[in-house]
Amino acid sequence: MFHENTSADCLTTVTTSTEDGAFQTKGRNTRLLSPEEAERLAKDRVLVSDFKQLKLEKEAQKNWDLFYKRNSTNFFKDRHWTTREFQELKACREFADQKLTILEAGCGVGNCLFPLLEEDLNIFAYACDFSPRAVEYVKKNALYSTERCKVFQCDLTKDDLLENIPADSVDVVTLIFVLSAIHPDKMHLVLKNIYKILKPGKCVLFRDYGLYDHAMLRFKSGSKLGENFYVRQDGTRSYFFTTEFLSQLFRAEGYEEVVNEYVHRETVNRKEDLRVPRVFLQSKFQKPFSPFRYEMAALRSPQSLLFFRLNSPRSLSLSSQGVVPSPGSSLWTSSGCAPTDSCLSFMMHSTSGHGAPGGAGKAQSIY
């Protein structure tokens, strides 16, 4: 069954899964909380101490390595829904048998990687993960072949991807349940790193936890690190995204928004008669064809230009002033960035596209 409802400010698509009878909706609206849920979140104001937060950041790799030591390759289900949800993996080809080069950033033990390689024989995949143990599990998988895949350990916030992948060589980058595990202050470093190896005109496919997902509501008092940011009992962390935050994050590094919407899905446990509301963010962001696109647009229409630096001590806003500062202007240097630095981006008002059709995915772990 398929139902579509269109309004002036959003497009919502409702699909019924043929696999388990559950349904999902896609759109720009956040999930509505019950009064009890809203009250519980409002009361949860105490943050984890600065000392413990620094310790969690320092031990982030160790905590994920221990996670994979405990769970081996058994925790996450294989993600066969990826090609259904992200039609770009097929649509971006110019002809049917064209070879695609992809990067799975944060590959874990290969739950997304190996289904993709099995389903599409014309893919060569780069894959990397923060955890050395996870990388070893990928290499030991019977489906792993150096002719079709190159896997390596990498901290995406500081290790240069150009050491393993040529510049401007990747057709598709997948960021699937990865960015949420990284501190919000460092997320822009991941996007900047990926930007260097992505071909102009090609895309990053993103899926991760959305605001008010069931996993967010399950955190107990004393788990909160910051706004929408929590720590699990095993020391791994999780951020819950809004469309606004994600859009600003990508655009600040020079990407263009194509699709950016919530996926609301109800997971049903029939045995226990339990219904669990899941919320994910599913998005697509494109690297512009020309690195000078925004500069040229600014010269044509400077009044619509917005300059800003994400996560900077001082944000710089010149919107609607019609002023384009010269390269040596103090307006540039006040935010700590040169005008050619990707940490300063040029945001133009644009209209995002609609999401690609696709069936609902299998129920995933609370992680």
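Residues numbered from 1 in each chain as written. Predicted model: local features only at pLDDT ≥ 70, side-chain atom pairs only at ≥ 80, totals over all residues. Heavy atoms only, no water.

Participant: Sorry, what's going on with helix α7 (residues 132–140) here?
Facilitator: Note that an α-helix has 3.6 residues per turn; residues three or four places apart therefore point the same way. Of the positions making up α7, those classed as buried are Ala134, Val135 and Val138. Down the axis of α7, the smallest arc covering the buried residues is 100°, so these residues share one side. Buried residues along α7 sit in contact with α3 (60–71), α6 (113–119), β5 (123–129) and β6 (149–153). (Buried < 20%, exposed > 50% of the residue type's maximum accessible area, 1.4 Å probe, protein only. Helix = DSSP H or I, 4+ residues; strand = E, 2+ residues; numbered from the N terminus. Arc of directions from axis to C-beta. Contact = heavy atoms within 4.5 Å.)

Participant: Looking at this structure, how should I read the packing of helix α8 (residues 187–197) against helix α10 (residues 243–251)?
Facilitator: For any two helices packed against each other, the geometry comes down to the angle between their axes and how far apart the axes lie. Where α8 contacts α10, the two axes come as close as 9 Å, and the packing angle between them is 45°. What the angle tells us is that α8 and α10 run oblique. Where α8 crosses over α10, the two elements pack in a sense that is right-handed. Contacts between α8 and α10 involve Met187, His188 and Leu191 on the former and, on the latter, Phe245, Leu249 and Phe250. Within the contact of α8 with α10, the residues separate by chemical class into 5 nonpolar, 1 polar and no charged. (Axes fitted to C-alpha atoms, helices over the stretch in contact; angles between N-to-C directions. Parallel < 35°, antiparallel > 145°, perpendicular 65-115°, else oblique. Left-handed = near helix turned anticlockwise from the far one by under 90°. Nonpolar A, V, L, I, M, F, W, Y, C, P; charged D, E, K, R; others polar.)

Participant: I tried to follow the packing of α3 against α7 on my own but got confused; where do I start?
Facilitator: The geometry of α3 relative to α7 is characterised by a closest axis approach of 7 Å and an angle of 40° between their N-to-C directions. Taken together, the axis directions place α3 and α7 in an arrangement best described as oblique. Residues Gln61, Asp65, Tyr68 and Lys69 of α3 form the contact with α7, whose own contacting residues are Pro132, Arg133, Ala134 and Tyr137.

Participant: Can you help me understand unusual backbone geometry in this one?
Facilitator: Note: most residues except glycine have negative phi, and most peptide bonds are trans. A positive phi angle, near 50°, is found at aspartate 168, a position not held by glycine. Here aspartate 168 lies in the loop between β6 and β7 (170–176). Phi at phenylalanine 177 takes a positive value of approximately 50°, unusual for a residue other than glycine. Among the structural elements, phenylalanine 177 can be located in the loop between β7 and α8.

Participant: Would you mind showing me how to read the packing of aromatic side chains here?
Facilitator: Aromatic ring pairs are described here by two measures, namely the spacing of the ring centres and the angle between the planes. Inspection of the entire model under this criterion finds 19 aromatic pairs. Aromatic side chains tryptophan 64 and phenylalanine 67 sit 5.2 Å apart centroid to centroid with 75° between the ring planes, which places their arrangement in the edge-to-face category. Taken as a pair, tryptophan 64 and phenylalanine 67 lie in helix α3 at a separation of 3 residues, close to a single helical turn. For tryptophan 64, a relative accessible area of 14% gives the class buried. By relative accessible area, phenylalanine 67 is classed as buried at 1%. Measuring from ring centre to ring centre gives 4.0 Å for phenylalanine 250 and phenylalanine 285, while their planes differ by 5°; the resulting arrangement is stacked. (Phe/Tyr/Trp six-rings, centres within 6.5 Å; stacked < 30°, edge-to-face > 60°.)

Participant: I keep staring at the sheet that holds strand β10 (residues 229–231) and nothing clicks. Help me out?
Facilitator: What holds strands together in a sheet is hydrogen bonding between their backbones, with the strands either parallel or antiparallel. What the 3 strands build is an open sheet, ordered β9-β10-β11; its pairing is antiparallel. At either end of the open sheet lies a strand with only one pairing partner, and these are β9 (224–226) and β11 (237–239). Across the sheet, the mean angle separating the axes of adjacent strands is 25° when strand polarity is ignored. Pairing analysis gives 2 bridges linking β9 to β10, with the strands arranged antiparallel. In the sheet register, lysine 224 faces β10, and the bridge partner there is tyrosine 230. (Pairing = 2+ DSSP bridges.)

Participant: Help me understand the side chain of arginine 237 in this model?
Facilitator: Tracing the backbone shows arginine 237 in strand β11. Engagement of the side chain of arginine 237 in a polar contact is seen with the side chain of glutamate 57, the distance being 2.8 Å. (Polar contact = N/O pair within 3.5 Å; in protein donor to acceptor, adjacent residues only side chain to side chain.)

Participant: What exactly am I supposed to notice about the pattern of salt bridges here?
Facilitator: Once their charged atoms are close, side chains differing in charge can pair, the charge on each being opposite to the other. What the rule picks out here adds up to 14 salt bridges. Residue glutamate 59 pairs with lysine 55 through a salt bridge whose shortest N-O separation is 3.2 Å. The class of lysine 55 is partly exposed, set by a relative accessible area of 42%. Salt-bridge contacts for lysine 196 lead to aspartate 160; the nearest nitrogen and oxygen are separated by 2.9 Å. One end of the pair, lysine 196, is in helix α8; the other, aspartate 160, is in the loop between β6 and β7, and 36 residues separate them in sequence. (Salt bridge = Lys/Arg side-chain N within 4 Å of Asp/Glu carboxyl O.)

Just geometry here; none of it tells us what the structure is for.
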